[in-house]
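Read off the chains here:
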Amino acid sequence: MFLNHRIFCLLATCLFFLICKKVHAQSELAPWGNINGIRSHGQLLEFETSLKVTGKDGLHSKVTAMERQRPHYSRQGNTQTVNTNIDSLYFKETVADKWGDKIKVTIQVKSTVDTVVKSIQFCLKLPAKNYPDGKLKLLKSYADSLSGATAVTLNAEGIKLTSQQNKFYLQSDQPMPVMIKKDTANILVYFTMAQGEMKKGDSLQRTFIIKISGEADKAPVNIVVNTDKTGSEFAGFGGNFRLQNPKFDPEVIDYCLNNMRVAWGRVEMPWRFWQPKEEHDPADTTLHPAVIKAMEMAQRLNKMGIPLIISAWFPPAWAVEGKLNLKPVNGIWGNPLNPDKTQEIYKSITGYLLYLKAHFGVEPKLFSFNESDIGINVRITAQQHDELIKGLGAYFAAHGVKTKMLLGDNSDATTYQFITTALNDPAGLPYIGAVSFHSWRGCDDVTLQKWANAAKQNNVPLIVGEGSIDAQAWGYPQIFEEPSYAIQEIELYIRLLRICQPQSILQWQLTADYSPLIGGGIFGNHEPLHPGQRFYNLKQLASTPPNLSAIPVTYNGTNIYCAALADNTKGTYTLHLVNNGSSRMVIISGLPANIKTWQLYLTNKKLNDKQTRSIKIKDGAILFKAQSESFYSLTGFKN
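Residues numbered from 1 in each chain as written. Predicted model: local features only at pLDDT ≥ 70, side-chain atom pairs only at ≥ 80, totals over all residues. Heavy atoms only, no water.

Ranked by size, the top nonpolar core spans 152 residues in total, and within it Phe122, Ile159, Phe168, Trp271, Tyr352, Phe367 and Phe437 carry the most contacts. Here the element with the most residues in this core is helix α9 (residues 483-499); it accounts for nine residues. If near-sequence neighbours (up to four positions away) are discounted, Tyr352 is found in contact with Glu268, Met269, Pro270, Trp274, Val291, Ala294, Met295 and Ile310. (Core = buried A, V, L, I, M, F, W, Y, C linked by side-chain atoms within 4.5 Å. Buried < 20%, exposed > 50% of the residue type's maximum accessible area, 1.4 Å probe, protein only. Helix = DSSP H or I, 4+ residues; strand = E, 2+ residues; numbered from the N terminus. Contact = heavy atoms within 4.5 Å.)

Laid out in structure tokens, this is it:
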């Protein structure tokens, strides 16, 4: 009896550990409703879903995508939810992570008006390179070859796609028309959930089970640094301090400035409140509270020794053409400056800077109109940008203002052409202090290299004036707490460091707007204010020793991103590494032999800016095992 009891307990214990070894799938859901894949052993097994509505004429379609709709995102445990709409059709999409590498996707659609559509589709895109020898099973029919542009549309309950390395499975809760296409890069599958007429109040629901498996890339990563060649200097990480929330901004600003080294700052010039009427002399009137607060913010940063960019968003009505547009009109943002008021505009802006210096002791290094390439909120052309740099820059100099002009300060990397006129005009060069763009979009390697080249051409620093990855994230702020958001953001920053070699990357923002902190009443979260993975990523990057120069670094491996910096004179070196894949060994060579001990720091969803250990060079290299989905910083100092 006693023996049987012991055997029972042993079997129960084994069963418990077997169950515990199984983990939930980790789906990565974009806040606009597209699933980007499922993580397995830390590696993202990629596919992409979307929702698509095609009008009754069959010619016009709309699809869920970044900055196309105004979605709402939330998470409750292992279930993520997105609510969004395409015209009059409202969608609720829930994605529930299940055991193993399986997720359950439920799509609910409701029409708010009488309408007719050709189709409402759940769309799937699979990278063809991952299934080079793929066999596709559609119910009981097989497609032995995936060549050709289009396959016949059939009723089916799902698909199975199998190759030697990867397997993908999707099962719907009922048969529906399924169309399969293939282009040069992707296998495209369209599940038609509804067709034809939908009355006001009509609704439908479809459920899909998705499972994917594949081989994780666990091959060792070889990183080689070259300390013999140095590039541009990285002063350090910075932040934006545009004040918009008097209730919550102060506590976030205080926490960031007290817990992170901030190397550069950017503040607002509230121009429309500085001189709302042309005939008024701001220096002889009571200043608007927004102006005082902005100047005090600049003063606080200046007293900390932080160099500043000052940028204007909204102009006063007298300085622009047409009625002042505080919101987009027919899709167009902002107003052009009134060319008949050029000298008055120069005088007004210069007056602000002179007042800021005389009364608050602050002289910003750089001035810009924020995102004037698209009109947030002054809109100018490339030619006007060139003329502004020369005209306002010369006006500054003539009135004893040392502030230089920013070339660009573009809304994103894609609008590079906006700076080319001024870039190639030697008359403006004396007034340009730096080149700047915002990192919201278009940060592929080729485009980023153009910005790096622009700074080198004019022999001035490059500054990423607004750093982050999703300009619309304020509309679904729970996404800030997702590990996927944190790792994508720091991944971009390490790529910027390596390719652009910026003087600084300025986080948007270190205030309650896009807050890097969690709780405190911000975004309706009433937990005590505290840092999360995003903040610790930023803090770890900000802990880079000041004024190191970029050095070349080469590496192999998928989902690995590196940047290296050095001061050979002082004997200080830092290497930043993002492993956005599975755990694997890392071998780093090319490091100075005279620095025997290095400090390794780690941030991920479990550990926060933690000094994991000291590492010694052995046989000319450093070896360690990098955890999955993690940000590492390796720093060495000459003894």
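The next thing to look at is the environment of Asn34. Of note, Asn34 is situated in the loop between β1 (26-29) and β2 (35-40). Judged by its relative accessible area of 3%, Asn34 is buried. Residues Asn34 and Leu124, spaced 90 residues apart in sequence, show a C-alpha to C-alpha distance of 9.5 Å. Non-local contacts of Asn34, meaning those with residues more than four positions away in its chain, are made with Glu28, Leu29, Glu48, Thr49, Ser50, Thr64 and Ala65. Within polar-contact distance, the side chain of Asn34 engages the side chain of Glu48 at 3.2 Å. Of note is the side chain of Asn34, whose polar atom sits 2.7 Å from the side chain of Thr64. (Polar contact = N/O pair within 3.5 Å; in protein donor to acceptor, adjacent residues only side chain to side chain.)

It is worth spelling out the side chain of Thr544 at this point. Within the secondary structure layout, Thr544 lies in the loop between α10 (533-542) and β29 (548-551). Accessibility expressed as a relative area gives 2% for Thr544, which makes it buried. For Thr544, the side chain forms a polar contact with the main-chain oxygen of Leu541, separated by 2.6 Å. Here Thr544 is in contact with Phe234, Arg261, Leu565, Thr574 and His576, once residues within four sequence places are set aside.

This paragraph deals with the pattern of salt bridges. Taken as a whole and judged by the stated rule, the model has 20 salt bridges. Notably, a salt bridge pairs Asp409 with Arg266, separated by 3.1 Å at the nearest N-O pair. One end of the pair, Asp409, is in strand β23 (residues 404-410); the other, Arg266, is in strand β20 (residues 265-269), and 143 residues separate them in sequence. Taking relative accessible area as the criterion, Asp409 reaches 0% and is therefore assigned buried. Salt-bridge contacts for Asp386 lead to Lys390; the nearest nitrogen and oxygen are separated by 3.7 Å. Pair noted here: Asp386 and Lys390 are both in helix α6 (residues 382-398), with a separation of four residues, about one helical turn. (Salt bridge = Lys/Arg side-chain N within 4 Å of Asp/Glu carboxyl O.)

Right, let's talk about the sheet that holds β1 for a bit. Read from one edge to the other, the open sheet built from three strands follows the order β1-β2-β3, with strand pairing classed as antiparallel. Looking at which strands have only one partner, the edges of the open sheet turn out to be β1 and β3 (43-46). Across the sheet, the mean angle separating the axes of adjacent strands is 35 degrees when strand polarity is ignored. In this structure, β2 lies alongside β3, joined through four bridges in antiparallel fashion. By the bridge assignment for β3, Ile38 is matched with Leu45. (Pairing = 2+ DSSP bridges. Axes fitted to C-alpha atoms, helices over the stretch in contact; angles between N-to-C directions.)

To continue, consider α10. For α10, a buried count of nine out of ten residues is recorded, marking the element as mostly surrounded by other parts of the structure. Looking at α10, one finds that the buried residues are Gln533, Arg534, Phe535, Tyr536, Asn537, Leu538, Gln540, Leu541 and Ala542.

Turning our eyes to something else, we now look at unusual backbone geometry. Omega for the peptide link from Ile376 to Asn377 comes to 15 degrees, which places this bond in the cis form. Residues Trp508 and Gln509 are joined by a peptide bond in cis, for which omega reads -20 degrees. When you line up the elements, Gln509 lands in the loop between β26 (504-507) and β27 (517-518). The backbone of Asp409 sits at a positive phi, close to 55 degrees, despite the residue not being glycine. Of note in the backbone geometry, Asn459 takes a positive phi value of approximately 55 degrees without being a glycine. Relative to the assigned elements, Asn459 resides in the loop between α8 (445-458) and β25 (462-467).

Turning next to the sheet that holds strand β37 (residues 630-637). With antiparallel pairing, the seven strands of this open sheet are ordered in space as β18-β29-β31-β32-β37-β34-β35. The sheet is open, and its two edges are formed by β18 (233-234) and β35 (610-616), each paired on a single side. Bridge analysis of β18 against β29 gives two bridges, and the strand direction is antiparallel. Counterpart to Phe234 in the pairing with β29 is Leu548. Across the sheet, α9 touches β18, β31 (560-567), β32 (572-579) and β37, and the angle it forms with β31 is around 50 degrees. This element, α10, spans β32, β34 (597-603) and β37 of the sheet and lies at about 155 degrees to β34.

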